[in-house]
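Coordinate inspection notes
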Amino acid sequence: MNQYLIPANSKRSMLILGLFEKTDLIIFGVGIGLTGILLMILPRETMQDLLVIFTPFLICGAMVLPVPNHRNLWQLTAHVYQFYSNRRKYYWKGWCVDYGEETREQAK
């Protein structure tokens, strides 16, 4: 009988450098690109200026940082964004909602 053993790190072999997907590298590249453009455009006189310039790099770096279960963090980020960007008034209908007129017999 053929029984195959799948190694525990088989999914990591499909990632770039064992840590990143193509999407992660694209996001990080965009952050580096924006930071480079800001370095050329904005003045670098104070520490606050440098913080503003390096913000895209820091945010994109944090987004692709290889932490355990970081796909779960992506989902959490997507849900938080969806919560804050969509309608805030939620309508609920429970089992006690009145769907029409009651007769006197039903009220008893």
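Residues numbered from 1 in each chain as written. Predicted model: local features only at pLDDT ≥ 70, side-chain atom pairs only at ≥ 80, totals over all residues. Heavy atoms only, no water.

**Let's talk about helix H2 (residues 47-64)**
One full turn of an α-helix is made of 3.6 residues, so residues set three or four places apart face in the same direction. Given a rise of 1.5 Å per residue, 18 residues ought to cover 26 Å, and the 25 Å separating the end C-alpha atoms of H2 matches this to within 8%. Where H2 bends most, the angle comes to about 50°, and this point is Phe 54, followed within four residues by the proline Pro 56. Of the residues making up H2, those classed as buried are Ile 53, Pro 56, Cys 60, Gly 61 and Val 64. Elements in contact with the buried residues of H2: helix H1 (22-41). (Helix = DSSP H or I, 4+ residues; strand = E, 2+ residues; numbered from the N terminus. Expected span 1.5 Å × (residues − 1). Bend = angle between axes of the 7 residues up to and from the residue. Buried < 20%, exposed > 50% of the residue type's maximum accessible area, 1.4 Å probe, protein only. Contact = heavy atoms within 4.5 Å.)

**A word on the environment of Leu 39**
Within the element layout of this structure, Leu 39 appears in helix H1. Along the chain, Leu 39 and Phe 54 lie 15 residues apart, while their C-alpha atoms are 8.4 Å from each other. With near-sequence residues (within four places) excluded, Leu 39 lies in contact with Arg 44, Ile 53 and Phe 54.

These values are about where atoms sit, not about what they do.
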